[in-house]
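If you want the building blocks of each chain, they are given just below.
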Amino acid sequence: MSLTGERLQLQLAPGRVTLDGVSVRLDAGEVLALIGQNGAGKSSLLNVLSGELTANTGRVRLHDKPITDWRGEDRARLLAVLPQQHSLNFAFRVAEVVALGRYPHATGKRRDDAIVAEAMEVCELTDLAQRNIHEISGGERQRVHLARVLAQIWDAQPEGHRFLLLDEPAASLDLHHQQMLFQAVRGFARRGVGVVLVVHDLNLAARYADRVLLLDQGRAVCTGRPAEVLTATNIQQHFGLSVTVQPHPHHDCPLIISH
């Protein structure tokens, strides 16, 4: 059971290739980090995998079925997406926003309320449950939307394994809540959820991802375990940054130190 993209070609503007023959596979229970400079194609790849964008050529398959062949609600029970930008024009309470993640399900109010409460607890939002979404900080809103997508794929589904796609989920979070987010991601992976996330902090990618995919100008440069991809040579060549890469003193992963 997997989410796959095969030879994806995407051109969003004339003469500008956004994705150039990218292939990717995400298996159940795996965390895959997408890295690369701004404009490398990370968010575009995430949007194609989610079905938000359609590739000019190539195909995306969810459990060996074309992503476009899934009914909206069936797909939403298996695939949740956290985009970079969120827009809510109504003054929902925090708990109401998180509850939107239960919309594709028919599990009943009691079960849905329990899942919403658990998702808010994981994201440290319980004390904010009755606050207006427009009256909390940007980082708090990011955690609300994370809780919403976690609630969306909280339970195992008979149709197959679940997947979570996160676009720069840690961008507005403080250090404590960055750790909370990535620990929650690893917790869902242990429950069989496959996770793709766009991340700019290479040390977070090194610590929490099972595999890393490096993109540059719309092309997949290399993919593999963090130690295989996050080398000083790759970082110098594709980020223009001189670094030292050494074993992490506390975790089984590389530690990247910029000069």
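Scroll up a little and you will see the structure.
Basis of the calculations
- Residues numbered from 1 in each chain as written.
- Predicted model: local features only at pLDDT ≥ 70, side-chain atom pairs only at ≥ 80, totals over all residues.
- Heavy atoms only, no water.
- Helix = DSSP H or I, 4+ residues; strand = E, 2+ residues; numbered from the N terminus.
- Rg over C-alpha atoms; globule rule 2.2 N^0.38 Å.
- Buried < 20%, exposed > 50% of the residue type's maximum accessible area, 1.4 Å probe, protein only.
- Contact = heavy atoms within 4.5 Å.
- Areas by Shrake-Rupley, 256 points an atom, 1.4 Å probe, with all protein chains shown as cover.
- Pairing = 2+ DSSP bridges.
- Axes fitted to C-alpha atoms, helices over the stretch in contact; angles between N-to-C directions.
- 1 Å grid on protein atoms, 1.4 Å probe; cavity = no way out; pocket = protein on both sides within 12 Å on 5 of 7 lines; lining within 4 Å.
- Points joined across faces, edges and corners; volume = space filled by probe spheres on them.
- Expected span 1.5 Å × (residues − 1).
- Polar contact = N/O pair within 3.5 Å; in protein donor to acceptor, adjacent residues only side chain to side chain.
- Parallel < 35°, antiparallel > 145°, perpendicular 65-115°, else oblique.
- Nonpolar A, V, L, I, M, F, W, Y, C, P; charged D, E, K, R; others polar.
- Salt bridge = Lys/Arg side-chain N within 4 Å of Asp/Glu carboxyl O.

Caption draft 1: Spatial organisation of the overall build of the protein chain. Regarding its fold elements, the protein chain presents nine helices and twelve strands. The C-alpha atoms of the protein chain give a radius of gyration of 18 Å, which matches the 18 Å a tight globule of 259 residues would have. The C-alpha extent of the protein chain, read off along each of the three principal axes, is 55 × 45 × 35 Å. Within the protein chain, the fraction of its 259 residues that count as buried is 50%. Counting only contacts in the protein chain whose residues sit at least 6 apart along the sequence, the fraction spanning at least 24 positions is 66%. Looking at the protein chain as shown, the accessible area adds up to about 12,400 Å², and 47% of this sits on carbon and sulfur atoms.

Caption draft 2: Spatial organisation of the sheet that holds strand β6 (residues 79-82). Ordered by their spatial adjacency, six strands build an open sheet running β6-β7-β8-β3-β9-β10, and the pairing between neighbours is mixed. Since the sheet does not close on itself, it has two edges, and those belong to β6 and β10 (219-224), each with one partner. Taken over all neighbouring pairs, the strand axes of this sheet differ in orientation by 15° on average, direction set aside. Looking at chain direction, strand β9 (residues 211-216) and β10 are connected through five bridges and run antiparallel. Paired with valine 212 across the bridge in β10 is glycine 224. Against the sheet, helix α5 (residues 138-152) touches β6 and β7 (163-167), its axis set at about 175° to β6. Along the sheet, helix α9 (residues 232-239) makes contact with β3 (31-35), β9 and β10, crossing β9 at roughly 30°.

Caption draft 3: Molecular detail of the sheet that holds strand β5 (residues 65-66). As summarised here, the arrangement of the four strands in space is β2-β1-β4-β5, forming an open sheet in which the pairing is antiparallel. At either margin of the open sheet sits one strand with a lone partner, and together these are β2 (16-27) and β5. The sheet contact formed by strand β1 (residues 2-13) and β2 spans nine bridges and is antiparallel. Along β2, the bridge assignment pairs leucine 10 with leucine 19.

Caption draft 4: Quick peek at the layout of surface pockets. Within this model, the largest pocket holds a volume of roughly 420 Å³. Listed by contribution, the elements that provide at least two residues to the lining of the largest pocket are α1 (42-50), α2 (72-78), β6 and α5. A total of three residues in the lining of the largest pocket trace back to one element, the largest contributor, which is β6.

Caption draft 5: Main features of unusual backbone geometry. One non-glycine residue, arginine 7, lies in positive phi territory at about 50°. Position of arginine 7 relative to the elements: it lies in strand β1. On the basis of relative accessibility, which here comes to 59%, the residue arginine 7 falls in the exposed class. In this structure, glutamate 168 is a non-glycine residue whose phi angle is positive, near 50°. For glutamate 168, the location among the structural elements is in the loop between β7 and α6 (175-190).

Caption draft 6: Examining α6 more closely. The end-to-end C-alpha distance of α6, which contains 16 residues, comes to 23 Å, matching closely the 22 Å that a straight helix rising 1.5 Å per residue would cover. Where α6 is concerned, the buried positions are His177, Gln178, Met180, Leu181, Phe182, Ala184, Val185, Arg186, Gly187, Phe188 and Ala189. Next to the buried residues of α6 lie β3, α4 (109-122), α5, β7, β8 (194-198) and α7 (202-208). The backbone nitrogen of histidine 176 lies 3.2 Å from a side-chain oxygen of the residue at the head of α6, namely aspartate 174. Phi turns positive, to about 95°, at glycine 192, one or two residues after α6.

Caption draft 7: Structural detail: the packing of α5 against α6. Following both chains from N to C, one finds α5 and α6 inclined at 5°, their axes separated by 12 Å at the closest point. Relative to α6, the element α5 lies roughly parallel. For the pair α5 and α6, contact is made by Arg143, Leu146 and Leu150 and by His177, Met180, Leu181 and Phe188, respectively. Class assignment of the residues belonging to the contact of α5 with α6 gives a composition of five nonpolar, one polar and one charged.

Caption draft 8: Representation of the pattern of salt bridges. In the structure shown here, the tally under the stated rule is 13 salt bridges. Notably, a salt bridge pairs arginine 111 with glutamate 118, separated by 4.0 Å at the nearest N-O pair. With relative accessibility at 33%, the residue arginine 111 sits in the partly exposed group. Each member of the salt-bridge network shares a partner with another, and the members are Arg71, Asp74, Arg77 and Glu159.

It is worth stressing that arrangement in space is one thing and function is another; only the former is reported here.
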